[in-house]
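Descriptive structure summary
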Amino acid sequence: MSQYTAFTVELADKIAHVQINRPEKINSMNAAFWSEIIDIFQWIDDTDEVRVVVLSGAGKHFSSGIDLMMLAGVANELGKDVGRNARLLRRKILALQASFNAVDNCRKPVLAAVQGYCLGGAIDLIAACDMRYAAEDAQFSIKEIDIGMAADVGTLQRLPRIIGDGMLRELAYTGRTFGAEEARGMGLVNRVYSDTASLLDGVMGIAREIASKSPIAITGTKEMISYMRDHRIDDGLEYVATWNAAMLQSTDLRVAMAAHMSKQKPEFLD
């Protein structure tokens, strides 16, 4: 596992804890963040020992979003020709999108643990996760509207499926800040914890429960849920039939059934 400048990564009990580690900068997303997150999630995908991921932020806040100094650097690359500027900006935006696509496309479940600020690009990030959990002090905002732009790395594409179209429009058009309880009410977060310590304890407990399940079954379940975002029900039924025609031959099925019959805890291979 490589060393990173914007993250710390730890693997224990088959859980990869990926932590944004720029607390002195409110965990803002600098250039290293965007490249390193792709490398990290490629490692996660390639490492069978990892069965689930917990994504968190060091310090008081989850993340304040994209580093404005990074945006200023992009602006300095622009010249006088509109066509060439557009081509450059499009390439930059697609590269940023790829960073959060790496999270969304990860074969393992990704659980976000949010405390303090979760602003702008941080909303894009948690929208790419499987589940989201928050401490009581969490504050969320789709801030891009307040700097004169439309969010462009996933919020507007993923959140309608999480919180619904109307609520997304309100939050995206106004940029208003909302707290953990409102986030739970709209379905953005699954649970709210009293503080950061209990948040991490709770999320790690959920992660351990997921990690105890068959990794073949978890991967298949995530694949089917993700597939259904963009397909009809009959397409999904056809796909899961084809998928399980292979996966039901896994030894995990026999291990799980034998453990259930004997009332023992199953142990699955990575």
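Coordinates for the structure precede this section.
Below, the structure is looked at part by part. Here the structure is a predicted model, which is why all the values come from computation and not from measurement. (Residues numbered from 1 in each chain as written. Predicted model: local features only at pLDDT ≥ 70, side-chain atom pairs only at ≥ 80, totals over all residues. Heavy atoms only, no water.)

Observations concerning the packing of helix α10 (residues 215-227) against helix α11 (residues 233-247)
- Packing of α10 against α11 leaves a shortest axis separation of 10 Å and a crossing angle of 165 degrees. On the basis of their axis angle, the class for α10 and α11 is roughly antiparallel. Relative to α11, the crossing made by α10 is right-handed. For the pair α10 and α11, contact is made by I216, T219, G220, E223, M224 and Y227 and by D235, G236, Y239, V240, W243 and M247, respectively.
- When grouped by side-chain class, the residues that make up the contact of α10 with α11 number seven nonpolar, three polar and two charged. (Axes fitted to C-alpha atoms, helices over the stretch in contact; angles between N-to-C directions. Helix = DSSP H or I, 4+ residues; strand = E, 2+ residues; numbered from the N terminus. Parallel < 35°, antiparallel > 145°, perpendicular 65-115°, else oblique. Left-handed = near helix turned anticlockwise from the far one by under 90°. Contact = heavy atoms within 4.5 Å. Nonpolar A, V, L, I, M, F, W, Y, C, P; charged D, E, K, R; others polar.)

With respect to the side chain of R132
- Secondary-structure assignment places R132 in strand β6 (residues 131-135).
- Reaching out from R132, the side chain makes a polar contact with the backbone oxygen of L188 at a distance of 2.7 Å.
- Those residues in contact with R132 that sit more than four places away from it in its chain are A112, I126, A127, I162, L188, V189, N190 and R191. (Polar contact = N/O pair within 3.5 Å; in protein donor to acceptor, adjacent residues only side chain to side chain.)

Some details on the environment of M204
- Mapped onto the fold, M204 is located in helix α9 (residues 196-211).
- Expressed as a C-alpha distance, the spacing of M204 and W43, which sit 161 residues apart in the sequence, is 20 Å.
- Setting aside residues up to four positions removed in sequence, M204 forms contacts with I15, H17 and V54.

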